[in-house]
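# Descriptive structure summary
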Amino acid sequence: MAKIEVAKDRCKGCGLCIMNCPKKIIKIGSTMNPKGYFIAEQIDESKCTGCALCAVMCPDMAITVYK
Ligand code: SF4
Ligand code: SF4
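Overview of the structure. (Residues numbered from 1 in each chain as written. Chains lettered and ligands numbered in written order. Predicted model: local features only at pLDDT ≥ 70, side-chain atom pairs only at ≥ 80, totals over all residues.)

Per the secondary structure count, the protein includes two helices and four strands. Each helix and strand of the protein, placed in order from N terminus to C terminus, yields the pattern β-α-β-β-α-β. Here the protein has a C-alpha radius of gyration of 11 Å; the compact-globule value for 67 residues is 11 Å, and the two agree. Principal-axis analysis of the C-alpha atoms places the extent of the protein at approximately 30 × 20 × 20 Å. (Helix = DSSP H or I, 4+ residues; strand = E, 2+ residues; numbered from the N terminus. Rg over C-alpha atoms; globule rule 2.2 N^0.38 Å.)

For the rest of this paragraph, the subject is the site of ligand 2. Residues in contact with ligand 2 amount to 14 residues; listed here are only the nearest, Cys11, Cys14, Leu16, Cys17 and Cys58. Classifying every residue of the shell around ligand 2 by side-chain character gives 10 nonpolar, two polar and two charged. (Near = placed C-beta within 6 Å. Nonpolar A, V, L, I, M, F, W, Y, C, P; charged D, E, K, R; others polar.)

The next point concerns the nonpolar core. One finds Val6, Cys17, Ala40, Cys54 and Ile63 to be the most contacted residues of the largest nonpolar core, which totals 13 residues. Elements represented by at least two residues in this core include exactly strand S1 (3-6) and strand S3 (38-42). Setting aside its immediate chain neighbours within four residues, valine 6 contacts Cys11, Ile39, Ala40, Glu41, Ala62 and Ile63. (Core = buried A, V, L, I, M, F, W, Y, C linked by C-beta atoms within 7 Å. Buried ≥ 20, exposed ≤ 12 C-beta atoms within 10 Å, placed from the backbone. Contact = placed C-beta atoms within 7 Å.)

On to the environment of lysine 8, then. Locating lysine 8 in the fold gives a position in the loop between S1 and helix H1 (16-20). Considered as a pair, lysine 8 and glutamate 41 are 33 residues apart in the sequence and their alpha carbons are 9.6 Å apart. Excluding residues that lie within four positions of it along the chain, lysine 8 makes contacts with Asn33 and Ile39.

Okay, the pairing of S3 next. As defined by bridge partners, strand S2 (residues 26-32) adjoins S3 across four bridges and the pair is classed as antiparallel. Paired with isoleucine 26 across the bridge in S3 is glutamine 42. What sits between the antiparallel neighbours S2 and S3 is a turn of five residues, in which glycine 36 has the positive phi angle 90°. (Pairing = 2+ DSSP bridges.)

Every second residue of S1 is oriented toward a common face, the buried set being Ile4 and Val6 and the non-buried set Lys3 and Glu5. Relative to strand S4 (residues 63-66), S1 runs antiparallel, the two being bridged by four bridges. Of the residues in S4, the one forming a bridge with lysine 3 is tyrosine 66.

Structure, rendered in structure tokens:
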């Protein structure tokens, strides 16, 4: 099983990771970071394949994938 971690201070809520996750398991959550952006979060860890597409697509390198 894999999972992702989003760096709260880096995410700007652009949604690119959400659009590119083949499993559709990332959403914009209700947590606002210090810059005023609602940040991305993983919905269902059990479905994550660790493909890292989300991390590759993130323009702010905010996602770390753990396999
Ligand atoms: S590693 Fe792949 S399956 Fe997991 S959240 Fe990122 S894009 Fe989705
Ligand atoms: S692509 Fe990066 S900056 Fe954009 S919502 Fe996802 S984690 Fe945040």
